[in-house]
Each structure stands twice: as structure tokens, then as C-alpha cells.
Amino acid sequence: MISDKMQQMLNEQYNKEVYSAHLYLSMCSYFMDRDLDGFANYFRVQSQEELQHADKQFDYVHDVDGKITILPVEAPPAEFESIIDCFEQTLAHEQYVTKSIYALVKQALEEGDFATHTFLQWFITEQVEEEATVKNLLSKLKMIGDNTSALYLLNDELLQRQLGAEGAE
Ligand code: FEO
């Protein structure tokens with residue numbers, strides 16, 4: 001069993017994960033439009049990972065006798081100013097998601113809901129990894145600057161990214 005408040009907060013988190021999937025798919029579209037297939041692949045995999053996060057939360061809420069309500073999802077931006085803009089927006093968004101997960105953890109602790117607290121530990125670790133990956137790519141992009149050859153090397157590197165099991169990548 002989870003409290004109504006916890007269920008509502010997890011439901012809102014579920015919606016944020018679905019929004020994240022749409023945001024990254026919009027970035028995938030931005031890169032496909034520019035024939036940067038590696039960057040497009042990176043964001044397509046990221047979008048798929050977000051759906052895995054949403055699925056995990058969907059299943060958990062139902063496992064503890066709650067219910068997820070499917071709500072409208074806000075449309076993400078359709079255009080971006082630059083490659084760096086995409087990654088800066090990604091970092092800001094992931095920092096927002098991290099805060100949201102922390103608020104869930106705080107609520108679980110306040111309620112003595114140790115099952116939800118344990119469930120959320122995976123997401124805390126995942127957020128650390130996600131933020132670190134994006135920060136690393138942002139640093140590389142800033143070093144690359146206007147060097148097109150280096151940009152294409154990074155594009156090729158990002159083409160290798162594949163979806164891991166349950167967003168474990
Ligand atoms: Fe589901 Fe990127 O956090």
C-alpha cells in the first residue's frame with residue numbers, strides 16, 4: 001500500500017518521465033534533420049530509457065496496490081538553437097528531474113514508506129550517471145568548438161550507444 005499523496009507524487013513523476021521521453025525524441029528529430037545520425041541515436045536511446053523509467057514507476061505503483069492515471073503531456077520544444085543548446089537544456093532538465101526524485105525520497109522518509117524509499121534508490125544512482133554523462137558531453141562539445149572533423153568523430157562515437165536493460169546503461 002502507498003498513501004494517496006505518495007501515489008499522486010509518483011504519478012506526477014511518471015508524467016515527467018514521459019515528458020522527458022518526448023523532449024529527447026524532439027532533440028533526436030532536430031539532429032536527424034541535420035544528418036547528425038550519432039547525436040540523433042544518442043537522443044533516441046535517451047528517449048527510450050526515459051520510457052523505461054516511466055514503466056518502472058508504472059509497475060511499482062501497481063505492485064503496491066496504487067494506480068497510475070494517464071494525464072496530458074505538455075509538448076516539448078520543437079526547435080533548438082544549437083547542438084550545445086540541446087545538451088544545456090538536457091542538463092537543466094535532468095537537474096530538475098533529480099530534484100523531483102529527491103522530493104519523492106523525502107516524502108517516502110517522512111511517511112516511513114521504506115518500500116518506496118528503496119524503490120527510489122535506483123533512480124538516485126541513475127540521475128547521478130545521467131547528469132555526469134551530459135556534463136561530460138557538454139565539456140567535449142565546448143572543446144570541439146567549430147572543429148567540424150572533431151564534431152563528426154564525436155557523432156560517430158555516439159552512434160555506438162545502445163539501449164541497456166531497464167535503463168541500466
Ligand atoms: Fe528519467 Fe533522465 O531521468
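Fair warning: this is a prediction, and the values are worked out from it, not measured in the lab.

A. Focus on helix α5 (residues 148–158). Taken together, the buried positions of α5 are occupied by Leu151, Leu154, Asn155 and Leu158. For α5, the angular spread of the buried residues around the axis is 105°, confining them to a single face. Residues of α5 that are exposed and point over 90 degrees away from its buried face: Ser149 and Leu153. Looking at the buried positions of α5, the neighbouring elements they touch are α2 (37–63), α3 (83–111) and α4 (114–144). A distance of 3.1 Å separates the backbone nitrogen of Ser149 from a side-chain oxygen at the start of α5, and that oxygen is part of Asn147.

B. Inspection of the environment of Leu120 at higher detail. Of note, Leu120 is situated in helix α4. The class of Leu120 is buried, set by a relative accessible area of 1%. Between the C-alpha atoms of Leu120 and Gln57, which are 63 residues apart in sequence, the distance is 9.3 Å.

C. Expanded view of unusual backbone geometry. Unusually for a residue other than glycine, Asp35 sits at a positive phi of about 60°. The residue Asp35 is located in the loop between α1 (4–33) and α2 in this model. Positive phi, normally seen in glycine, also occurs at Asp65, with a value near 65°. Along the chain, Asp65 falls in the loop between α2 and α3. You can call Asp65 exposed: its relative accessible area is 60%.

D. Examining the side chain of Gln57 more closely. As for its position among the elements, Gln57 is in helix α2. Looking at Gln57, the relative accessible area reads 1%, which means it is buried. Once residues within four sequence positions are removed from consideration, Gln57 is found in contact with Gln13, Tyr14, Glu17, Phe119 and Phe123.

Cut-offs and rules
Residues numbered from 1 in each chain as written. Predicted model: local features only at pLDDT ≥ 70, side-chain atom pairs only at ≥ 80, totals over all residues. Heavy atoms only, no water. Buried < 20%, exposed > 50% of the residue type's maximum accessible area, 1.4 Å probe, protein only. Helix = DSSP H or I, 4+ residues; strand = E, 2+ residues; numbered from the N terminus. Arc of directions from axis to C-beta. Contact = heavy atoms within 4.5 Å. Polar contact = N/O pair within 3.5 Å; in protein donor to acceptor, adjacent residues only side chain to side chain.

Keep in mind these values describe shape, not function.
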